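Letter by letter, the chains look like this.
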Amino acid sequence: MLKGKTALVTGSTSGIGLGIARALAGQGANIVLNGFGDTEGPRAAIAALGVQVAYHGADMSRPAEIEAMMAFAASTFGRVDILVNNAGIQHVARIENFPPERWDAIIAINLSSAFHATRLALPAMREANWGRIINLASVHGLVASAEKSAYVAAKHGLV
């Protein structure tokens with residue numbers, strides 16, 4: 001059971017991230033959701049599991065917003081006990097046609113955000129002598145796929 005623990009799951013308003021948030025909430029963890037799009041539906045789904053839930057809309061490509069999200073989680077729940085670095089985006093194009101701004105965004109969200117969130121979560125985890133950090137990679141972190149250079153690079157970095 002994770003009662004009394006707090007989990008922050010990036011990219012958790014839909015898909016795999018929301019599934020992870022639901023599973024952690026099902027074990028009793030309070031949840032900090034992060035992501036774009038609908039927030040009320042995911043918030044209600046987590047709250048229905050009987051835990052506390054909060055949402056922060058940090059843009060995971062921006063270190064200052066990640067810092068604000070981590071500070072929000074700490075002020076709301078005391079600290080982040082479980083950090084799930086799940087946020088990710090994708091763009092598919094031949095490398096000679098790959099827009100540099102898309103490369104930068106993918107590396108920032110899929111790789112650098114995990115560094116920033118982890119560096120901010122670790123001090124409280126060490127102080128509590130308990131914490132878990134889960135980085136979601138992909139098979140693309142081990143085996144490349146055509147026209148996915150930034151995604152492959154980011155997931156390889158996580159691995």
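Each chain carries its own residue numbering, running from 1 in the direction its sequence is written. Local features in this predicted model are restricted to residues of pLDDT 70 or higher, and side-chain atom pairs are both shown and tallied only at a pLDDT of 80 or more, whereas totals for entire chains, interfaces and linings draw on every residue. Heavy atoms throughout the structure, all of them, feed into the side-chain values; hydrogens and water do not.

### Structural notes on the overall build of the protein chain
Heads up, the rule is: Strands are runs of DSSP state E lasting at least two residues, helices are runs of H or I lasting at least four, and both sets are numbered from the N terminus onward. For each residue, the accessible area found with a 1.4 Å probe, counting protein chains only, is set against the maximum for its type, and the residue is called buried under 20%, exposed over 50%, and partly exposed in between. Residue contacts are defined here by distance: any two heavy atoms, one from each residue, within 4.5 Å place the two residues in contact. Calculation of accessible area relied on Shrake-Rupley with a 1.4 Å probe; when residues are assessed, cover is drawn exclusively from the protein chains displayed.
For the protein chain, the count of helices and strands is five helices and five strands. When the helices and strands of the protein chain are listed from N to C terminus, the series reads β-α-β-α-β-α-β-α-β-α. For the protein chain, the spread of C-alpha atoms along the principal axes amounts to about 50 × 35 × 25 Å. Taken across its 159 residues, the protein chain has 43% of its residues classed as buried. In the protein chain, 56% of the contacts between residues at least 6 apart in sequence involve partners at least 24 apart. When the accessible surface of the protein chain is totalled, it reaches about 7900 Å², and 56% of it is carbon and sulfur.

### Some details on the packing of helix α1 (residues 15–26) against helix α2 (residues 40–47)
Just so we agree on the cut-off: The axes used here are C-alpha line fits, helices contributing only the stretch in contact, and every angle between their N-to-C directions lies in the interval 0 to 180 degrees. Our angle categories are set so that under 35 degrees counts as roughly parallel, over 145 as roughly antiparallel, 65 to 115 as roughly perpendicular, and the remainder as oblique. Left-handed is the label given to a crossing in which the near helix is rotated counterclockwise from the far helix by less than a right angle, and right-handed is the label when the rotation is clockwise. Each residue gets one of three labels, nonpolar for Ala, Val, Leu, Ile, Met, Phe, Trp, Tyr, Cys and Pro, charged for Asp, Glu, Lys and Arg, and polar for the others, Gly among them.
Contact geometry for α1 and α2: axes closest at 9 Å, N-to-C directions at 20 degrees. When the axes of α1 and α2 are compared, the pair comes out roughly parallel. Regarding α1 and α2, the two cross each other, and that crossing is right-handed. Two secondary-structure elements touch here, α1 through Leu18, Ala21, Arg22 and Ala25 and α2 through Pro42, Ala45 and Ile46. For the contact of α1 with α2, a count of residues per class yields six nonpolar, no polar and one charged.

### Description of unusual backbone geometry
What is expected of a backbone is that most residues other than glycine have negative phi and most peptide bonds are trans. The backbone of Asn129 sits at a positive phi, close to 60 degrees, despite the residue not being glycine. Tracing the backbone through its elements, the reader meets Asn129 in the loop between α4 (100–128) and β5 (132–135).

### Observations regarding the environment of Gly28
In this fold, Gly28 is placed in the loop between α1 and β2 (30–33). Separated by 22 residues in the primary sequence, Gly28 and Thr6 place their C-alpha atoms 9.0 Å from one another. The residues contacting Gly28, other than those within four sequence positions of it, are Leu2, Lys3, Gly4 and Val51.

### Details of the nonpolar core
Quick note on the threshold: In these notes, a set of buried Ala, Val, Leu, Ile, Met, Phe, Trp, Tyr and Cys residues joined through side-chain atoms within 4.5 Å is what counts as a nonpolar core.
With 17 residues, the main nonpolar core has Leu8, Met60, Ile66, Met69, Met70, Val80 and Leu83 as its most contacted residues. Of all the secondary structure elements, the ones that give two or more residues to this core are α3 (63–77) and α4. In terms of residue count, the dominant contributor to this core is α3 (five residues). Excluding residues within four positions of it along the chain, Leu83 makes contact with Leu8, Ala117, Thr118, Ala121, Met125, Arg132, Ile133 and Ile134. Residues Ala7, Ile31, Ile82 and Leu136 belong to the second largest nonpolar core, which totals 15 residues.

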